[in-house]
Number of protein chains: 2
Amino acid sequence: MNTQSKQDVLIVGSMAFDDLTLPSGVFPDVVGGSATYCAMAASLFAPARLVAVVGSDFPSRVLEELRARGIDTRGIEHADGKTFRWAGRYADNLASRETLKTELNVFADFRPKLPPEYRDSTFILLGNIQPELQLEVLEQVRAPQFVAADTMNFWIDSERPALERVLKRINALVINDEELRQLSGEHNIRRGAERVLGLGPERLIVKRGEYGAMLFDAEGIFFVPAFPLEDEQDPTGAGDTFAGALMGRLAELGRVDALTTRQALLSASTVASFCVEGVGTTRLGSLKLGEVKQRLGELRGLLHLE
Amino acid sequence: MNTQSKQDVLIVGSMAFDDLTLPSGVFPDVVGGSATYCAMAASLFAPARLVAVVGSDFPSRVLEELRARGIDTRGIEHADGKTFRWAGRYADNLASRETLKTELNVFADFRPKLPPEYRDSTFILLGNIQPELQLEVLEQVRAPQFVAADTMNFWIDSERPALERVLKRINALVINDEELRQLSGEHNIRRGAERVLGLGPERLIVKRGEYGAMLFDAEGIFFVPAFPLEDEQDPTGAGDTFAGALMGRLAELGRVDALTTRQALLSASTVASFCVEGVGTTRLGSLKLGEVKQRLGELRGLLHLE
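Conventions used here
- Residues numbered from 1 in each chain as written.
- Chains lettered and ligands numbered in written order.
- Predicted model: local features only at pLDDT ≥ 70, side-chain atom pairs only at ≥ 80, totals over all residues.
- Heavy atoms only, no water.
- Helix = DSSP H or I, 4+ residues; strand = E, 2+ residues; numbered from the N terminus.
- Rg over C-alpha atoms; globule rule 2.2 N^0.38 Å.
- Buried < 20%, exposed > 50% of the residue type's maximum accessible area, 1.4 Å probe, protein only.
- Contact = heavy atoms within 4.5 Å.
- Buried area = accessible area lost by both parts, 1.4 Å probe.
- Salt bridge = Lys/Arg side-chain N within 4 Å of Asp/Glu carboxyl O.
- Polar contact = N/O pair within 3.5 Å; in protein donor to acceptor, adjacent residues only side chain to side chain.
- Nonpolar A, V, L, I, M, F, W, Y, C, P; charged D, E, K, R; others polar.
- Pairing = 2+ DSSP bridges.
- Axes fitted to C-alpha atoms, helices over the stretch in contact; angles between N-to-C directions.
- Phe/Tyr/Trp six-rings, centres within 6.5 Å; stacked < 30°, edge-to-face > 60°.
- Lys NZ or Arg CZ within 6 Å of the ring centre and 35° of its normal.
- Core = buried A, V, L, I, M, F, W, Y, C linked by side-chain atoms within 4.5 Å.
- Least-squares fit on C-alpha atoms with pLDDT ≥ 70 in both.

Asks: Describe the overall build of chain A, with residues and values.
Replies: Looking only at helices and strands, chain A has 11 helices and 13 strands in total. Here the C-alpha radius of gyration of chain A, 18 Å, is about what a compact globule of 306 residues would show, namely 19 Å. With the C-alpha coordinates of chain A rotated into their principal frame, the extents come out at 55 × 45 × 40 Å. The proportion of buried residues among the 306 residues of chain A is 60%.

Below, the structure is given as structure tokens:
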């Protein structure tokens, strides 16, 4: 599984407009979606290739901005109709949110089609879409080297057999603690992790929001702190940012061994913390690698024992 | 603040009977109380001195067991009447609990009186009791070297001025994240920590249950993982165990510098994890230092990055 040069990251997922009701105000038409956050984060470290669908209302300016970051947008399908739209309202403390509206629009008929140039991709991030579609992406890639996937409660409930086929074909699953409980049927995180690793993936990464994340693999358990922010603005997309930055950093290093994964997880946590500091992708959009490196140093200091 | 030999830890707090309704069953008359847990944990590392009150119904067998662990029980007052009793019911996932009953009994009139032999104590752990009584303990100690205190929502609400006097006289405050939010008036943990450090203590330790703990001090922030257990039985007393083990380990080392505190916090987290593995103090009672050392090694492995 080891290579030595920087790889591209192929990302499939949603692109969306989000209508966000945050403690700081109401923000309509915020560009979002799992693929958008994943790609913006990954592109800090490695070239990213996007597979997604947008409607005719999606601004070309945004696609230009993505391309300016080294993101390959040739895999973005332009469909007639409206772009996927999600509306949500966050609690005052940002710790919980409720979905006010989900309009699938052009996303309802999405079938990922990889441009020929994408088929040599080796680092693959399957964002949170229908498991059958995640499998279709894998069918179109010639020789995947490291595949990570996200999923959600809806697919765990309604598409379990397909999801289990996905789990057998991926190297890493990146989900949150509630999803782990639902997928494993175990409240206890450690027992749940053992069950999920038994379903196929070599590594399980459990996101725990403001509490950080945990990695479970054959090497043991690793504890990823969340960077303690002074000013949280918007957690939307932080989990996707985390997964995208993780894959970007691994692709940049061209290594996926256990220790490299631990180190890349600290980078992922760092980039995700910046995501929360702005509404939508605003903070990610202006983020410089130097800022990431400085905060990564601070994050490592949180674990300093010598 | 540095010394070089093992010190005693003076502990003041409650001794109680707990009636516990746990997912695994109903357990009446479980010996508990903050001072009991603190002392059992501290005594793994250093001699402990207890200041508390029990009623005439408290079994002398328990006091003998405490003495057998090197705990000085001369400061335990034997009052006429019943011992403090708390009854609580835990949710199925152990993540929350409700208080069913609180009977203060002899604890209602408790005024801590230190035996003369205790007045030279240098490491002091003020368990969760009325702030005025915490101050009375400090008045009776000749030259405290390192003082840690716990408190709770009730005192934060109703005894704020006395609590603020306590904060000015302690080195470390050990509270949970909800108490931090209440005490600071800030939801954000980092801003809340800055406010609390501004009220007096040099170090703030924020307990976050299954998510571990965080240390805030002039040196920065430190992230303490919780040991991921496979089988949680009873979280009662885990926070007191954490504080007791922390103070015991600091007293054993005779040092309270920032790095020593970080290392001692990992020992504290380790011992607290054992507490949760048994009902009441059962697991703490049988715990051997060798077991603590082994799990401490595993816990440090959760932070391993090299």
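Asks: Pulling in residues and values, what's your account of the interface of chain A and chain B?
Replies: Of the residues lining the interface, 34 residues belong to chain A; the matching set on chain B comes to 34 residues. Both sides of the chain A and chain B interface together cover about 3300 Å² of buried area, and 52% of this is carbon and sulfur. Our count for the chain A to chain B interface comes out at four salt bridges. Note that E230 of chain B is salt-bridged to R190 of chain A, the shortest N-O span being 3.6 Å. The tally of links from chain A across to chain B stands at 19 residue pairs in polar contact (both at pLDDT 80 or more). Among the elements of the structure, helix 6 (177-184), helix 7 (189-198), strand 13 (220-224), helix 9 (258-276) and helix 11 (289-301) of chain A are those that each provide at least two residues to the side of chain A that touches chain B. Broken down by element, the side of chain A that touches chain B gets its largest block of residues, four residues, from helix 9 of chain A. Looking at side-chain class alone, the side of chain A that touches chain B contains 15 nonpolar, six polar and 13 charged residues.

Asks: Account for the sheet that holds strand 5 (residues 71-78) of chain A, naming residues and giving values.
Replies: All names here are of chain A. Spatially, 5-4-1-8-9-10-11-12-13 is the arrangement adopted by the nine strands of the open sheet, whose pairing is mixed. The open sheet has two edge strands, strand 5 and strand 13, and neither has a second partner. Adjacent strand axes in the sheet meet at a mean angle of 15° when their direction is disregarded. In terms of strand pairing, strand 10 (residues 172-176) meets strand 11 (residues 203-207) through five bridges, oriented parallel. Residue pairing for strand 11: V174 is matched across the bridge by I205. Contacts between helix 7 and the sheet are confined to strand 10, strand 11, strand 12 (213-217) and strand 13, with strand 12 contributing the most and set at about 45° to the helix. The strands touched by helix 8 (residues 238-253) are strand 1 (9-12), strand 8 (123-126), strand 9 (146-149), strand 10, strand 11 and strand 12; relative to strand 8, the strand with the most contacts, the crossing angle is about 170°.

Asks: Can you explain the environment of V137 of chain A? Please cite residues and give values.
Replies: Residues and elements named next belong to chain A. Of note, V137 is situated in helix 3 (residues 131-140). Looking at V137, the relative accessible area reads 0%, which means it is buried. Taking the C-alpha atoms as reference points, V137 and I11, 126 residues apart in sequence, are found 9.7 Å from one another. Setting aside its immediate chain neighbours within four residues, V137 contacts L10, V12, P112, L114, I124 and L126.

Asks: Any chance you could break down the packing of aromatic side chains for me, citing the residues and the numbers?
Replies: In total, this model carries 12 aromatic pairs over all chains according to the counting rule given. Residues F123 of chain A and F146 of chain A carry aromatic rings whose centres are separated by 6.3 Å and whose planes lie at 40° to one another, so their mutual orientation is tilted. Note that F123 of chain A is positioned in strand 8 and F146 of chain A in strand 9, a separation of 23 residues in sequence. Across the pair, exposure class does not vary: F123 of chain A and F146 of chain A are buried alike. Judged by centre distance (5.1 Å) and plane angle (15°), the ring pair of F84 of chain B and F107 of chain B falls under stacked. Remark: F107 of chain B occurs in the loop between strand 7 (97-103) and strand 8 (123-126) and F84 of chain B occurs in strand 6 (residues 84-90); sequence separation between them is 23 residues. Both residues of the pair, F84 of chain B and F107 of chain B, count as buried. Through successive ring pairs, a cluster of aromatic residues spans F84, F107 and F110 of chain A. The positively charged end of R295 of chain A is found above the aromatic ring belonging to F274 of chain A, 3.7 Å away from the centroid.

Asks: Talk me through helix 3 (residues 131-140) of chain B; I want residue IDs and the actual numbers.
Replies: Residue and element names in this part refer to chain B. Summarising burial for helix 3: seven of the 10 residues are buried, a large majority. Within helix 3, the full set of buried residues consists of P131, L133, Q134, L135, V137, L138 and Q140. The secondary structure elements touched by the buried residues of helix 3 are strand 1 (9-12), strand 8, strand 9 (146-149), helix 4 (153-158) and helix 5 (160-169).

Asks: Now, about the nonpolar core: what can you tell me, with residues and values included?
Replies: Soluble globular proteins tend to pack their nonpolar side chains together in the buried interior. The biggest cluster of nonpolar side chains holds 208 residues, and the ones touching the most others in it are I11 and M15 of chain A together with I11 and M15 of chain B. Not counting the four nearest positions on each side in its chain, I11 of chain B is found in contact with A35, C38, A39, A42, A48, R49, L50, V51 and L125 of chain B.

Asks: Any chance you could break down the relation of the copies chain A and chain B for me, citing the residues and the numbers?
Replies: Overlaying chain A with chain B gives an RMSD of 0.0 Å, the required rotation being 180° about an axis along which the chain moves by 0.0 Å. One copy is carried onto the other by what is essentially a two-fold rotation axis. The residues that chain A uses at the interface reappear at the interface of chain B in 100% of cases, marking a shared surface.

Asks: So what about the pattern of salt bridges? Which residues, and what values?
Replies: Residue and element names in this part refer to chain A. Enumeration over the complete set of coordinates arrives at 50 salt bridges over all chains. A salt bridge links D120 to R49; the nearest nitrogen and oxygen atoms lie 2.9 Å apart. Linking D120 in the loop between strand 7 (97-103) and strand 8 with R49 in strand 4 (residues 48-54), this pair joins segments that are 71 residues apart in sequence. Salt bridges here are not isolated pairs; linked through shared partners, they connect D8, R49 and D120.

Asks: Lay out the environment of M152 of chain A in plain terms, naming residues and giving numbers.
Replies: Residues and elements named next belong to chain A. Mapped onto the fold, M152 is located in the loop between strand 9 and helix 4 (153-158). On a C-alpha basis, the gap between M152 and P131 in space is 10.0 Å, while along the polypeptide they are 21 residues apart. If near-sequence neighbours (up to four positions away) are discounted, M152 is found in contact with N128 and E179.

Asks: Help me get a handle on the pairing of strand 12 (residues 213-217) of chain B, residues and values and all.
Replies: The side chains of a regular strand alternate between the sheet's two faces. Residue and element names in this part refer to chain B. Within strand 12, five of the five residues are buried, leaving the element largely enclosed by the surrounding structure. Of the two faces of strand 12, both are covered, the one formed by A213, L215 and D217 as well as the one formed by M214 and F216. Bridging between strand 11 (residues 203-207) and strand 12 involves four bridges; their strand directions are antiparallel. Across the sheet, the residue bridging to V206 is M214, located in strand 12. Between strand 11 and strand 12, which pair antiparallel one after the other, the connecting turn spans five residues, and G209 there sits at a positive phi close to 60°. Here strand 12 pairs with strand 13 (residues 220-224) via five bridges, running antiparallel.

Asks: Which residues make up the sheet that holds strand 9 of chain B, and what values do they have?
Replies: Residue and element names in this part refer to chain B. Across the sheet, which stays open at both edges, the nine strands sit in the order 5-4-1-8-9-10-11-12-13 with mixed pairing between neighbours. The strands lining the two open edges of the sheet, one partner per strand, are strand 5 (71-78) and strand 13. The sheet shows a mean angle of 15° between the axes of neighbouring strands, taken without regard to direction. Strands strand 4 (48-54) and strand 5 of the sheet are contacted by helix 2 (residues 60-68), whose axis makes an angle of about 150° with strand 5. Sitting on the sheet, helix 7 (residues 189-197) touches strand 10 (172-176), strand 11, strand 12 and strand 13, and the angle it makes with strand 12 is about 45°.

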